[in-house]
Amino acid sequence: MASKQFAEALRKAAGRVTEDAQVAKYYHDPVLWAEERAGLILWSKQKEILRSVAKNKRTAVKSCHSIGKTFISAVAAAWWVDTRFNSMVQSTAPTYEQVHGQLWEEIRKLHTAVGLPGTVNEADQWKRPMTNESTGRMKNILVGQGRKPADNNIHGFHGIHRPDGVLTLLDEGCGLHQSLFTGAEAITTAEIDRQLTTGNPDDPATEFGDI
């Protein structure tokens, strides 16, 4: 019995070592993650966007319609959560319908197709299990969320920080109020935090136009 328990413990430890090695391999390379881990075929500009997110604090993408910018934001979110255990993704868009039906629908599809950790629910929340070091008990922690704070709520994202970094995704940036950009800045103050803003450059007289 003891030998079986030892063998099981050894198997689990080996699995953790393998998982840690995989995380380290993809930590700085979202394109490799997308191709190997998720089995995706990306075109050159999508790769450029992901590499910018990995390297730069802020990435802003202006593009035409139906070019895959929302999809690549979902890929960035999935890479972030999969390679950073205690991290956070926060996303927003001009309307909640866009948050739920566009970006988070893509995230749900990726989560299922790739078999990513935790669960992504219809409330646009991504939760993954974490063991409490002091009690040894397992609990689910929030690692991703899509929402639409009120345009005049400059504090809509405040108080969100994680030891493994925060990634903010601002989808359809041309339609977002300036206060939401300010809120995103407030939760991405650490060196390891990142922002990705995407949109169609339809109106130059906006915060996205200024960016």
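From a predicted model like this one, the values you see are computed outputs, not experimental measurements. In every chain, residue numbers begin from 1 and rise along the written sequence. Reporting of local features is limited, given that this is a predicted model, to residues whose pLDDT is at least 70; pairs of side-chain atoms are given and counted only at 80 or more, and all residues count toward the totals for whole chains, interfaces and linings. Side-chain calculation: all heavy atoms of the structure are included, whereas hydrogens and water are not.

Visitor: So what exactly am I meant to see when it comes to the overall build of the protein here?
Guide: Helix numbering and strand numbering both begin at the N terminus, where a helix is a DSSP run of H or I of at least 4 residues and a strand a DSSP run of E of at least 2. Secondary structure summary: the protein contains seven helices and seven strands in total. In the protein, the succession of α and β elements from N to C terminus is α-α-α-β-α-β-α-β-β-β-β-α-β-α. Contacts in the protein between residues at least 24 apart in sequence constitute 66% of all its contacts with a sequence separation of at least 6. Only the protein chains shown count as covering a residue, and every accessible area follows the Shrake-Rupley method with a 1.4 Å probe. Accessible area for the protein stands at about 11000 Å²; split by element, carbon and sulfur atoms hold 53% of it. Throughout, a residue-residue contact means that at least one pair of heavy atoms, one from each residue, lies within 4.5 Å.

Visitor: What should I look at first to understand helix 5 (residues 96–114) in this one?
Guide: Each α-helix turn comprises 3.6 residues. Residues three or four places apart therefore point the same way. The span one expects for a helix is its residue count, reduced by one, times 1.5 Å. Compared with the 27 Å implied by 1.5 Å per residue over 19 residues, the 26 Å span of helix 5 between its first and last C-alpha is a close match. Bend angle per residue: angle between axes fitted to the 7 residues ending at that residue and the 7 residues starting there. A bend of about 40° at Trp104 is the largest found in helix 5. Every buried residue belonging to helix 5 is among Gln98, Val99, Leu103, Trp104, Ile107, Arg108, Leu110, His111 and Val114, and all of these are buried. Phi turns positive, to about 75°, at Gly115, one or two residues after helix 5. Each residue is assigned to one of three classes by its accessible area relative to the maximum for its type, calculated with a 1.4 Å probe on protein chains only: buried under 20%, partly exposed between the two thresholds, exposed over 50%.

Visitor: Help me out: how do you make sense of the packing of aromatic side chains in this one?
Guide: Two measures describe an aromatic ring pair: the distance that separates the ring centres and the angle between the ring planes. To pair, rings of Phe, Tyr and Trp, with the six-membered ring standing in for Trp, must have centres within 6.5 Å; the planes then decide the type, stacked if under 30 degrees apart, edge-to-face if over 60, and tilted in the middle. Counted by the stated rule, this structure contains one aromatic pair. On the basis of an interplanar angle of 70° and a centroid distance of 5.8 Å, the ring pair of Trp79 and Trp80 is categorised as edge-to-face. On the basis of relative accessibility, which here comes to 1%, the residue Trp80 falls in the buried class. Put simply, a charge is over a ring when the Lys NZ or the Arg CZ is close to the ring centre, within 6 Å, and near the line of the ring normal, within 35 degrees. One Lys or Arg, Arg84, reaches over the ring of Tyr27 and ends 3.8 Å from the middle of that ring. Positioned above the aromatic ring of Trp80 is the side chain of Arg84, whose terminal nitrogen or guanidinium carbon lies 4.2 Å from the ring centre.

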